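An overview of the molecular structure
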Amino acid sequence: MEEVKIVGVSDGKLQIALAGDIDLGNAETFFEEVISAYKAAPADIVFDCTHLNFIDSTTLGTFVKILKLLKADGYAMRLVGLQAKIKKLFLICSLDSIMEIA
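Residues numbered from 1 in each chain as written. Predicted model: local features only at pLDDT ≥ 70, side-chain atom pairs only at ≥ 80, totals over all residues. Heavy atoms only, no water.

Details of the overall build of the chain
Cut-off, in case you're wondering: Strands here are runs of E lasting at least two residues and helices are runs of H or I lasting at least four, both read from the DSSP assignment and numbered beginning at the N terminus. C-alpha atoms define the radius of gyration in this analysis, and the globule rule sets the expected value at 2.2 Å times the number of residues to the power 0.38. Summary of the burial criterion: residues with accessible area below 20% of their type's maximum are buried, those above 50% are exposed, and those between are partly exposed, where the area comes from a 1.4 Å probe applied to protein chains only. Residues count as neighbours in contact if any of their non-hydrogen atoms are within 4.5 Å of one another.
Counting secondary structure elements, the chain contains three helices and five strands. Secondary structure elements of the chain occur, N-terminal to C-terminal, as β-β-α-β-α-β-α-β. Radius of gyration (C-alpha) of the chain: 12 Å, near the 13 Å computed for a compact globule of 102 residues. With the principal axes as the frame, the chain shows a C-alpha extent of 30 × 30 × 20 Å. For the chain, with 102 residues in total, the buried portion stands at 38%. Across the chain, every contact between residues at least 6 apart in sequence was considered, and the portion connecting residues at least 24 apart equals 67%.

Here's what the structure looks like:
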């Protein structure tokens, strides 16, 4: 999936770069790729969203699903580089209260 690039572990955190559009059509593949990388190297996850152009409500739910799995294992998740229009979706849904959004 070209929208998800597993960068690797840096400073004890799993770095994942997101790009393009993630929506109903590819959200499950996004989830599977992230969880596969996480299971291979369990750690906090940092999503670099600098090149992410679009998400929908399915993707928001997928982020919450990922966060729940991480928290159950004692890990955290951080989103960095969100475009204003995407960050607004997280804020409207109050997701900034359960996950770190920089």
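A look at the sheet that holds strand β3 (residues 44-55)
The line we're drawing: At least two bridges found by DSSP between two strands is the condition for calling them paired. Note on definitions: angles span 0 to 180 degrees between N-to-C directions of axes, and those axes are lines fitted to C-alpha atoms, for helices only across the stretch in contact.
Spatially, β1-β2-β3-β4-β5 is the arrangement adopted by the five strands of the open sheet, whose pairing is mixed. Of all the strands in the sheet, just β1 (4-10) and β5 (100-101) have a single pairing partner and so form its edges. Bridge count between β3 and strand β4 (residues 77-80): four bridges; the pairing is parallel. Residue pairing across strands places I45 opposite M77, the latter belonging to β4. Across the sheet, helix α1 (residues 27-40) touches β1, β2 (13-22) and β3, and the angle it forms with β2 is around 170 degrees. Across the sheet, helix α2 (residues 57-72) touches β2, β3 and β4, and the angle it forms with β3 is around 180 degrees.

Description of α2
In an α-helix, one turn spans 3.6 residues; hence positions three or four apart end up facing the same way. Let me state the cut-off plainly: Residue count minus one, scaled by 1.5 Å, sets the expected span of a helix. Residues adjacent in sequence count toward polar contacts only when both atoms are side-chain atoms; beyond that, a polar contact is any pair of N or O atoms within 3.5 Å, and within protein one must be able to donate a hydrogen and the other to accept it.
Look at α2: 23 Å from first C-alpha to last across 16 residues, which is about the 22 Å you get at 1.5 Å a residue. Here the buried face of α2 lies against β2, α1, β3, β4 and α3 (84-92). Looking at where α2 begins, the residue whose side-chain oxygen comes 3.1 Å from the main-chain nitrogen of T58 is D56. G74, located one to two residues past α2, shows a positive phi value of around 85 degrees.

Focus: the pairing of β1
Taken residue by residue, a regular strand's side chains alternate between the two faces of the sheet. Alignment of β1 against β2, held across six bridges, turns out to be antiparallel. Opposite G8, over in β2, you have Q15 as the bridge partner. Between β1 and β2, which pair antiparallel and follow one another directly, the connecting turn spans two residues, one of which, D11, has a positive phi of 55 degrees.

Observations concerning the packing of α1 against α2
How we decide: Relative orientations are named as follows: roughly parallel for angles under 35 degrees, roughly antiparallel for angles over 145 degrees, roughly perpendicular for angles from 65 to 115 degrees, and oblique for any other angle. Each crossing gets its handedness from the near helix: less than a right angle anticlockwise from the far helix is left-handed, clockwise is right-handed. By the convention adopted, Pro, Cys, Tyr, Trp, Phe, Met, Ile, Leu, Val and Ala count as nonpolar, Lys, Arg, Asp and Glu as charged, and the other residues, Gly among them, as polar.
For the pair α1 and α2, the least separation of the axes is 10 Å and the interaxial angle reads 20 degrees. Taken together, the axis directions place α1 and α2 in an arrangement best described as roughly parallel. For the pair α1 and α2, the crossing hand works out as right-handed. Contacts from A27, E28, F30, F31, V34, I35 and Y38 of α1 reach α2 at T58, T59, T62, F63, K65, I66, L69 and L70. Grouping the constituent residues of the contact of α1 with α2 by class yields ten nonpolar, three polar and two charged.

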